[in-house]
Amino acid sequence: MKLRRAFTLFLSLFLLIAFPLSVAAGRPVKPALAVRYVGLGDSIGYGMSATPGNDYFTKYSAYLQAKAVTAGSPYSRVNSALPGLTSSQLLDEINGTTLLTTTRTALPGSSVVTVSIGGNNLLGPFIGFVADLYGVSTSDPDFLNKLTLAVNADPGRLESEMFWQILLPGSELKVAFAAGVADFKADLPATINGIKGLAPNAKIYFLTVFNPVYGNSQLHNFIDSYIVQINNELKARASTYGYTIVDVYAAYASYTGTVPLVGFNMTAVPPTYDPHPTDAGHQMIYELLVNASTVPVKPGKPK
């Protein structure tokens, strides 16, 4: 009898090891879903001006990876953002018309996509205008440093020119900014459709464009009137095209802390003209992304 029981126990253990319960019961466990995060867009998505590891892409990637590891899911990430990209240039990258970035090859199989785009539709013309005003070539390798030095040496010239740009109908910047907004509105539907075509299962998060100029100044209000048009377009199409808004604009505008979110400060001594988020600004974007997230990460479940 004892020998028989021992044999039965041995046989049971052997079957359990060789054939797991879920398989023996005819209920195989699905493999965990792979998580792939792709960042798209401009210098903000690229992480320009953030110290290493403190840009929002890296921080949000770490958050997604931790979720994936907990669920036993494979994880990968690609940051395809490139400084200087406008909405039209991002669309060209998605369509494969140009291949300056890895956008088109990175998107297939992605489950999370963040997009920061639209700022350069306005910033590009503004920088070009200021560079022409001070005679600094945009092709100079040390362009930003030289432009900052030139403006700091004679800030009155910029203030005077901006007064007329804001005041006069049909000024150079008004025409350029209006064209930038029109381009964004025209590009947005095709951009979303292009992302969805390459990554049909991805959760897409669109960052609104923030105003780098603090305060209630004429310059702030002038730029703001065009930024709001871009953001309103983003919000108006969100439900139709199925993406989530991450409202960086509103968060920055309501910020009352003392640590600067952006490196642009015309009242500092000396003034600084970096329109990109600081580490604190990237931290805020990261927190907004986490709050907005519906992370598509879950372990396999029995059928």
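Residues numbered from 1 in each chain as written. Predicted model: local features only at pLDDT ≥ 70, side-chain atom pairs only at ≥ 80, totals over all residues. Heavy atoms only, no water.

**Q** Just checking my understanding: could you explain the packing of helix α9 (residues 155-167) against helix α10 (residues 172-198) for this structure?
**A** The packing of two helices is summarised by the inter-axis angle and the distance between the axes. Taken N-terminus to C-terminus, the directions of α9 and α10 make an angle of 60 degrees; their axes are 7 Å apart at the nearest point. In this view, α9 runs oblique relative to α10, as classed from their interaxial angle. Listed contacts from α10 to Met162, Gln165, Ile166 and Leu167 of α9 are Glu172, Leu173 and Lys174. Of the residues that constitute the contact of α9 with α10, the class distribution is four nonpolar, one polar and two charged. (Axes fitted to C-alpha atoms, helices over the stretch in contact; angles between N-to-C directions. Helix = DSSP H or I, 4+ residues; strand = E, 2+ residues; numbered from the N terminus. Parallel < 35°, antiparallel > 145°, perpendicular 65-115°, else oblique. Contact = heavy atoms within 4.5 Å. Nonpolar A, V, L, I, M, F, W, Y, C, P; charged D, E, K, R; others polar.)

**Q** What am I meant to see in a nonpolar patch on the surface here?
**A** Together, Phe163, Trp164, Leu167 and Leu168 make up a nonpolar patch on the protein surface, roughly 390 Å² of accessible area in all. In this structure, Trp164 sits in helix α9. Using a relative accessible area of 41% as the deciding quantity, one classes Trp164 as partly exposed. (Patch = residues over 30% accessible without salt bridge, like charges linked within 9 Å, V, L, I, M, F, W, Y side chains within 5 Å. Areas by Shrake-Rupley, 256 points an atom, 1.4 Å probe, with all protein chains shown as cover. Salt bridge = Lys/Arg side-chain N within 4 Å of Asp/Glu carboxyl O. Buried < 20%, exposed > 50% of the residue type's maximum accessible area, 1.4 Å probe, protein only.)

**Q** Please clarify how the pattern of salt bridges should be interpreted in this entry.
**A** Pairs may arise between side chains of opposite charge once their charged atoms sit close together. According to the stated counting rule, one finds four salt bridges in the structure shown. With a closest N to O distance of 2.8 Å, Asp140 and Lys146 form a salt bridge. On the basis of relative accessibility, which here comes to 39%, the residue Lys146 falls in the partly exposed class. Between Asp154 and Arg157 there is a salt bridge, with its nearest N and O atoms 3.4 Å apart.

**Q** Please explain helix α4 (residues 56-71) as it appears in this structure.
**A** An α-helix turns once per 3.6 residues; consequently, residues spaced three or four apart project the same way. The end-to-end C-alpha distance of α4, which contains 16 residues, comes to 23 Å, matching closely the 22 Å that a straight helix rising 1.5 Å per residue would cover. Turning to α4, its buried residues are Tyr56, Phe57, Tyr60, Ser61, Tyr63, Leu64, Ala68 and Ala71. The buried residues of α4 occupy an angular sector of 160 degrees when the element is viewed end-on, so they sit on one face. Away from its buried face, by an angle of more than 90 degrees, α4 presents the exposed residues Val69 and Thr70. Turning to α4, the residues buried within the fold contact β1 (35-41), α3 (43-46), β2 (75-79), β3 (112-116), β4 (203-207) and α13 (279-292). A distance of 3.3 Å separates the backbone nitrogen of Phe57 from a side-chain oxygen at the start of α4, and that oxygen is part of Asp55. Within two residues after α4, Gly72 carries a phi angle of roughly 75 degrees, on the positive side. (Expected span 1.5 Å × (residues − 1). Arc of directions from axis to C-beta. Polar contact = N/O pair within 3.5 Å; in protein donor to acceptor, adjacent residues only side chain to side chain.)

**Q** I keep staring at unusual backbone geometry and nothing clicks. Help me out?
**A** Backbone geometry follows two general trends: most residues other than glycine have a negative phi, and most peptide bonds adopt the trans configuration. At Ser49, a residue that is not glycine, the phi angle is positive and equals roughly 80 degrees. Considering the arrangement of structural elements, one finds Ser49 in the loop between α3 and α4.

**Q** Even after reading the chapter, I still don't get the packing of aromatic side chains, so can you show me in this structure?
**A** Ring pairs (aromatic) are described by centroid distance and by the angle formed between their planes. Per the stated rule, a full pass over the model turns up ten aromatic pairs. Taking 5.9 Å as the distance between ring centres and 15 degrees as the angle between the ring planes, the aromatic pair formed by Tyr60 and Tyr63 counts as stacked. With Tyr60 and Tyr63 both in helix α4 and three residues apart, the pair spans about one turn of that helix. One exposure class covers both Tyr60 and Tyr63, and it is buried. A centroid spacing of 4.8 Å and a plane angle of 40 degrees characterise the contact between Phe210 and Tyr252, whose relative ring orientation is tilted. Taken together, the positions of Phe210 in the loop between β4 and α11 (218-241) and Tyr252 in helix α12 (residues 248-253) put the pair 42 residues apart, joining distant regions of the chain. The rings of Tyr37, Phe57, Tyr60 and Tyr63 are connected pair by pair, giving a single aromatic cluster. The ring of Tyr286 is capped by Lys59, whose NZ or CZ atom sits 6.0 Å from the centre of that ring. (Phe/Tyr/Trp six-rings, centres within 6.5 Å; stacked < 30°, edge-to-face > 60°. Lys NZ or Arg CZ within 6 Å of the ring centre and 35° of its normal.)

**Q** When you look at the confidence of the model for the protein in this model, what are you seeing that I'm missing?
**A** Do not read the predicted coordinates in detail wherever pLDDT is low. Within the protein, residue pLDDT values average 86, and 86% of them lie at 70 or more. The least confident element of the protein, judged by mean pLDDT, is helix α2 (residues 21-24) at 38; the most confident is β3 at 98. Ignoring residues within four places in sequence, the model shows residues 296-303, a span with pLDDT below 50, making 25 contacts including any to other chains. (pLDDT = per-residue confidence, 0-100.)

**Q** Explanation requested: the sheet that holds β4 in the structure shown.
**A** To summarise the sheet geometry, strands pair through backbone hydrogen bonds and adopt either a parallel or an antiparallel arrangement. Strand order across the open sheet formed by five strands is β2-β1-β3-β4-β5, with parallel pairing between neighbours. Each of the sheet's edge strands pairs with one partner strand only, and the pair in question is β2 and β5 (244-246). Strand-to-strand twist across the sheet, computed as the mean angle between neighbouring axes with direction ignored, equals 20 degrees. Both β4 and β5 contribute to a ladder of three bridges, which runs parallel. Bridge pairing in β5 links Tyr205 to Thr244. (Pairing = 2+ DSSP bridges.)

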